[in-house]
Amino acid sequence: MAGRTARLVLLAGAAALASGSQGDREPVYRDCVLQCEERNCSGGALKHFRSRQPIYMSLAGWTCRDDCKYECMWVTVGLYLQEGHKVPQFHGKWPFSRFLFFQEPASAVASFLNGLASLVMLCRYRTSVPASSPMYPTCVTFAWVSLNAWFWSTVFHTRDTDLTEKMDYFCASTVILHSIYLCCVRTVGLQHPAVVSAFRALLLLMLTAHVSYLSLVHFDYGYNLAANVAIASWKMIACTC
């Protein structure tokens, strides 16, 4: 277990140090986006773009600039492959082929199915476990927290914006912290309510600090990954003790 935890922490550290977005730093990508915006995203050209844009793309919030970035991403990927280089990341993410208005269709479907599975299990739990069970409120709350996280994960992979990305990250952190709380209630909380209340307050404080830092100070991909891996490692150690 200690070795597994160490590997997770090292992985988080490596991710924090990695240079995440080589593709969007390329001059060819930036020039392509600039020229595309000048050509298509103003005046009559913008009206033409909007008139031929499918309604589902418009409703999903895809703009002319988003379209330019998407097209130029694949132009840059093509040049990388021609030169024998590996596919680069863009804005901290790997390139995915868009389907309809789904930015990352496979990930969106996977998140939706995970959410559906969580909903089915919640319904089964509520029909098979009496509400008077000591763990009932905590388990039901955890199920709703998980459903909320899978919802935002589906939305994020469907349409990647600053808001949907932050909600995906924040809700994922909430699930991890709530799973630690669930473990605490299961192990010591039923016998020592005061301990679990204090622990709940500590976890809420940690979540507030985490969200505040990412929202108000710096939205750091490496820090977010490192923090979540460290918390998950803490959970594995605590729940096996």
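Residues numbered from 1 in each chain as written. Predicted model: local features only at pLDDT ≥ 70, side-chain atom pairs only at ≥ 80, totals over all residues. Heavy atoms only, no water.

A look at the packing of helix α7 (residues 105–128) against helix α8 (residues 136–158)
Working note: a packed helix pair is described by the angle between its axes plus the distance between those axes.
Then step 1. One can describe the packing of α7 onto α8 by two numbers: an axis separation of 8 Å at closest approach and a directional angle of 160°. Taken together, the axis directions place α7 and α8 in an arrangement best described as roughly antiparallel. Both α7 and α8 take part in a crossing whose hand is left-handed. Residues Ser107, Ala108, Ser111, Phe112, Asn114, Gly115, Ser118, Leu119, Leu122, Tyr125 and Arg126 of α7 pack against Tyr136, Cys139, Val140, Ala143, Trp144, Leu147, Trp150, Ser153, Thr154, His157 and Thr158 of α8.
Then step 2. Taken together, the residues that form the contact of α7 with α8 break down as 12 nonpolar, 9 polar and 1 charged. (Axes fitted to C-alpha atoms, helices over the stretch in contact; angles between N-to-C directions. Helix = DSSP H or I, 4+ residues; strand = E, 2+ residues; numbered from the N terminus. Parallel < 35°, antiparallel > 145°, perpendicular 65-115°, else oblique. Left-handed = near helix turned anticlockwise from the far one by under 90°. Contact = heavy atoms within 4.5 Å. Nonpolar A, V, L, I, M, F, W, Y, C, P; charged D, E, K, R; others polar.)

Focus: the packing of helix α3 (residues 27–40) against helix α6 (residues 64–82)
Then step 1. Between α3 and α6, the shortest axis-to-axis distance is 9 Å and the interhelical angle comes to 145°. As for the relative orientation of α3 and α6, their crossing is right-handed in sense. Contacts between α3 and α6 involve Val28, Tyr29, Cys32, Val33, Cys36, Glu37 and Asn40 on the former and, on the latter, Cys64, Arg65, Cys68, Lys69, Cys72, Met73, Thr76 and Leu79.

A closer look at the confidence of the model for the chain
Then step 1. Per-residue confidence for the chain gives a mean pLDDT of 78; residues scoring 70 or more make up 85%.
Then step 2. When the elements of the chain are averaged for pLDDT, helix α1 (residues 2–17) gives the smallest value, 38, and α7 the largest, 90.
Then step 3. Scored below 50 in pLDDT, residues 1–20 makes 19 contacts in the model with residues more than four places away or belonging to other chains. (pLDDT = per-residue confidence, 0-100.)

Some remarks on the environment of Arg126
Then step 1. Here Arg126 shows up in helix α7.
Then step 2. Separated by 14 residues in sequence, Arg126 and Val140 have C-alpha atoms that sit 7.9 Å apart.
Then step 3. Beyond its immediate chain neighbours, meaning those up to four positions away, Arg126 contacts Tyr136, Val140 and Trp144.

Some words on a nonpolar patch on the surface
Then step 1. A grouping of Val109, Phe112, Leu113, Leu116, Leu119, Val120 and Met121 is seen on the molecular surface, where their side chains present a nonpolar patch of about 620 Å² in accessible area.
Then step 2. Note that Met121 resides in helix α7. (Patch = residues over 30% accessible without salt bridge, like charges linked within 9 Å, V, L, I, M, F, W, Y side chains within 5 Å. Areas by Shrake-Rupley, 256 points an atom, 1.4 Å probe, with all protein chains shown as cover. Salt bridge = Lys/Arg side-chain N within 4 Å of Asp/Glu carboxyl O.)

Thoughts on the side chain of Asp67
Then step 1. Structurally, Asp67 can be placed in helix α6.
Then step 2. Apart from residues lying up to four places away in sequence, Asp67 is in contact with Phe49, Met57 and Arg98.

Concerning the packing of aromatic side chains
Then step 1. Considering all chains together, one arrives at 5 aromatic pairs under this definition.
Then step 2. Centre to centre, the rings of Tyr29 and Phe90 are 5.3 Å apart; their planes meet at 55°, and the pair counts as tilted. Remark: Phe90 occurs in the loop between α6 and α7 and Tyr29 occurs in helix α3; sequence separation between them is 61 residues.
Then step 3. Given a relative accessible area of 5%, Tyr29 falls into the buried group.
Then step 4. Under the relative-accessibility criterion, Phe90 is labelled buried at 5%.
Then step 5. Their ring planes at 80° and their centres at 6.5 Å tell us that Tyr70 and Trp74 sit as a pair that is edge-to-face. Here Trp74 and Tyr70 lie together in helix α6, a separation of 4 residues that amounts to about one turn.
Then step 6. Trp74 gets classed as partly exposed once you look at its relative accessible area, which sits at 30%.
Then step 7. Between Arg98 and the ring centre of Trp62, over which it is positioned, the NZ or CZ distance is 4.6 Å. (Phe/Tyr/Trp six-rings, centres within 6.5 Å; stacked < 30°, edge-to-face > 60°. Buried < 20%, exposed > 50% of the residue type's maximum accessible area, 1.4 Å probe, protein only. Lys NZ or Arg CZ within 6 Å of the ring centre and 35° of its normal.)

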